[in-house]
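Listed below, chain by chain, are the residues.
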Amino acid sequence: MAYKQRVAEFQAALNAPVINMRKLRTLCFNGIPDVSGIRAVCWKLMLGYLPPERETWSTVLSKQRSVYQQFVQEIIIDESQGLQSGPEGKDTHVDHPLNPNPDSWWMGYFKDNEILLQIDKDCRRLLPDISFFQIATKYPNKDMIGDDKDFETLRKRVQNQHLEASHVNTSRMGITNVCTIKKVAAEEYNVLEKGQEAHWEVVERILFIYAKLNPGISYVQGMNEIIGPLYYIFASHSNPEWQAHAEADSFFCFTNLMSEIRDNFIKSLDESATGIGNMMKNLLNLLKEKDPELWISLDKQQMKPQFYSFRWLTLMLSQEFPLPDVIRVWDSLFADEKRFEFLNFVCCAMHIVIRDQLLAGDFVISMKLLQNYPEIDIHRVLSKAMELKHPKMSHQQSPREKTQKPGFSLKKK
C-alpha cells in the first residue's frame, strides 16, 4: 500500500467523530506513519489517555494537564516551601533533621532525596544514542528554572546532595555482572544554562512525581527507559500546543502503561502469576513449543532466561534495538489488546531469527548474542512473531509496511 494512502487512512480514522478503535488498532499494528503527529495521537488513544469521542478531547486534555500542574505545585513547590518554613503542623523542637523517628517529616524528605538522586542519575544517561534528551526544551517549566525561586527546585536538591557514582554488579534476579542497562552514555548529561531546561530534566520531574504518588512501587531503575520513548514522541508532536504539554501527557500515559506492567518492577511479585518470573517461564515454554531444537540447544548450554529475557520483558525491548525500531515495535504492542502476549511472541521470534547462530554457538557466544542483540531488520522479527502467533495467516500481509518517510533518522550525538 502506498505511503500516502496509509497516511490518508489514518487521517480519516482519526477525524471521525467517534473513532473506531478496532479499525485504528488494526492500522496501528502494521506501523504508524511518522507524519503530522499521528503516532502521538494514536498512542494516547491506545493507552487510554484520550477517549474515542473527539469532541471530548479538549476538555479531557485541559483537565488532565491542570491536574498534573497541581501535582507539580503540591509535590515539588509546596513541599519545598514547607521545608524552608518548617513542616506544617509540626513541633520543630521535636521534628528536626536529626530526628531518628521513621514517621519524621524529615526522614521522608531524606528518603525522597535518595529516590531523586537515582532518578537523576538514570535520566542523565537516557537514550544516549540520540542528542534529543540533552538539548533544551522549547517549553521549559518556568516555575522550575532559575535561581530566584523561593523554594528548592529539583535541580537545586540534586546539586545540594553529594552523589558518588556506583555500578550495580548484581541484578534483581541474583545474576552477577549482568548490566541492567545496555546503552551507557560516554558521560552524563549536564545541566544547561540558566533559563533553560533539558528534556532529561523534564523526564526526571515526571518520574519523581510518579514515585511520590505511587509509594508502593516508587521508582525502580528501568522506568526511565519506559517513559523515554513516550516522552520523545509527545515532545516531537507537530502541534506546538500538544508539544508544550508533552510533560503532562507523558505522565498520564506512563501511569496508564505502568498500571499494566508495574508487577514486573516489584521484586516480591517476581514469582506470582503476574510477575516477571512467570513471564519468563511463559517465554521459555513458547520457545519450546515453536522451536524444540533451539530450546534443547539453549538448555544444554545452560542459557537461563533471566540472563537476558528479564530485561527484554521488563523494559518492553526498549534496550534491544535503536529507538526507531523500538517505536515501531511499540506501535504493534500498543495496538494489540493482549500486548504482553504479543510481546512474548516477539521475544520468541528474536530467538528464532538468529537460531542458526545460537545453534552453532556455545554459552559465551549465545550469551553475547542475546544480551547484545545483533543489528537486524525489525520487520523480520515482527513478521516472524506474527507467523508464530497466527501460523495459518502467515501467507497474508505481514506488518512490513513502509511507515516512515525515506531518509527518516534520529540525529546522533
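Note that the structure is a prediction, hence the values are computed from the model and not measured.

**Thoughts on the packing of helix H2 (residues 21-29) against helix H14 (residues 323-335)**
And step 1. Packing of H2 against H14 brings their axes to within 8 Å, and their N-to-C directions diverge by 155°. Judged on the interaxial angle alone, H14 and H2 are roughly antiparallel. The two elements H2 and H14 cross, and the hand of that crossing is left-handed. Facing Arg25, Cys28 and Phe29 of H2, the residues of H14 in contact are Arg328, Asp331, Ser332, Phe334 and Ala335.
And step 2. Of the residues that constitute the contact of H2 with H14, the class distribution is four nonpolar, one polar and three charged.

**Comments concerning the nonpolar core**
And step 1. One finds Leu24, Trp43 and Phe133 to be the most contacted residues of the largest nonpolar core, which totals 127 residues.
And step 2. Looking at which element gives the most residues to this core, the answer is helix H15 (residues 339-353), with ten residues.
And step 3. Each of two domains, domain 1 (56-84 + 102-179 + 191-261) and domain 2 (267-389), supplies a minimum of three residues to this core.
And step 4. Not counting residues up to four positions away in its chain, the partners in contact with Phe133 are Leu126, Leu127, Tyr189, Ala198, His199, Trp200, Val203, Gly228, Tyr231 and Tyr232.

**A closer look at the confidence of the model for the chain**
And step 1. Confidence along the chain averages 84 in pLDDT terms, with 81% of residues attaining 70 or more.
And step 2. Note on residues 162-170: pLDDT under 50 across the span, and twelve contacts to partners over four residues away in sequence or across chains.
And step 3. In this model, residues 174-182 is a region of pLDDT below 50 whose contacts with residues beyond four sequence positions or in other chains number 23 contacts.

**Some remarks on unusual backbone geometry**
And step 1. For Leu127, which is not glycine, the phi dihedral falls at a positive 45°.
And step 2. With respect to the helices, strands and loops of the structure, Leu127 is situated in the loop between helix H5 (105-123) and helix H6 (154-159).
And step 3. In this structure, Ser218 is a non-glycine residue whose phi angle is positive, near 55°.
And step 4. Within the fold, Ser218 resides in the loop between helix H7 (199-213) and helix H8 (223-235).
And step 5. Among the residues examined, Ser218 registers a relative accessible area of 13% and is labelled buried.

**What about the side chain of Thr314?**
And step 1. Relative to the helices and strands, Thr314 resides in helix H13 (residues 309-314).
And step 2. Judged by relative accessible area, which is 4%, Thr314 ranks as buried.
And step 3. Look past the residues within four positions of Thr314 in its chain and what remains in contact with it is Ile226, Asn264, Phe265 and Ile276.

**Some remarks on the pattern of salt bridges**
Once the charged atoms of two side chains with opposite charge are near each other, the side chains can pair.
And step 1. All chains considered together, the criterion is met by 17 salt bridges.
And step 2. A salt bridge links Lys212 to Glu79; the shortest N-O distance between them is 3.3 Å. On the criterion of sequence distance, the pair formed by Lys212 in helix H7 and Glu79 in helix H4 (residues 57-85) is long-range, its members being 133 residues apart.
And step 3. Take Glu79: its relative accessible area is 19%, and that puts it in the buried class.
And step 4. For Glu197, the salt bridge identified is with Arg205, shortest N-O distance 2.5 Å. By the burial criterion, Glu197 is buried, and Arg205 matches it.
And step 5. Here the salt bridges share partners, and the residues they tie into one network are Asp34, Arg39 and Asp331.

**Some thoughts on H14**
And step 1. An ideal rise of 1.5 Å per residue puts 18 Å on 13 residues; H14 measures up with 18 Å between its terminal C-alpha atoms.
And step 2. Counted residue by residue, H14 has 13 buried out of 13 residues, so it is predominantly covered.

Conventions used here
Residues numbered from 1 in each chain as written. Predicted model: local features only at pLDDT ≥ 70, side-chain atom pairs only at ≥ 80, totals over all residues. Heavy atoms only, no water. Axes fitted to C-alpha atoms, helices over the stretch in contact; angles between N-to-C directions. Helix = DSSP H or I, 4+ residues; strand = E, 2+ residues; numbered from the N terminus. Parallel < 35°, antiparallel > 145°, perpendicular 65-115°, else oblique. Left-handed = near helix turned anticlockwise from the far one by under 90°. Contact = heavy atoms within 4.5 Å. Nonpolar A, V, L, I, M, F, W, Y, C, P; charged D, E, K, R; others polar. Core = buried A, V, L, I, M, F, W, Y, C linked by side-chain atoms within 4.5 Å. Buried < 20%, exposed > 50% of the residue type's maximum accessible area, 1.4 Å probe, protein only. Domains from an automatic or database assignment. pLDDT = per-residue confidence, 0-100. Salt bridge = Lys/Arg side-chain N within 4 Å of Asp/Glu carboxyl O. Expected span 1.5 Å × (residues − 1).

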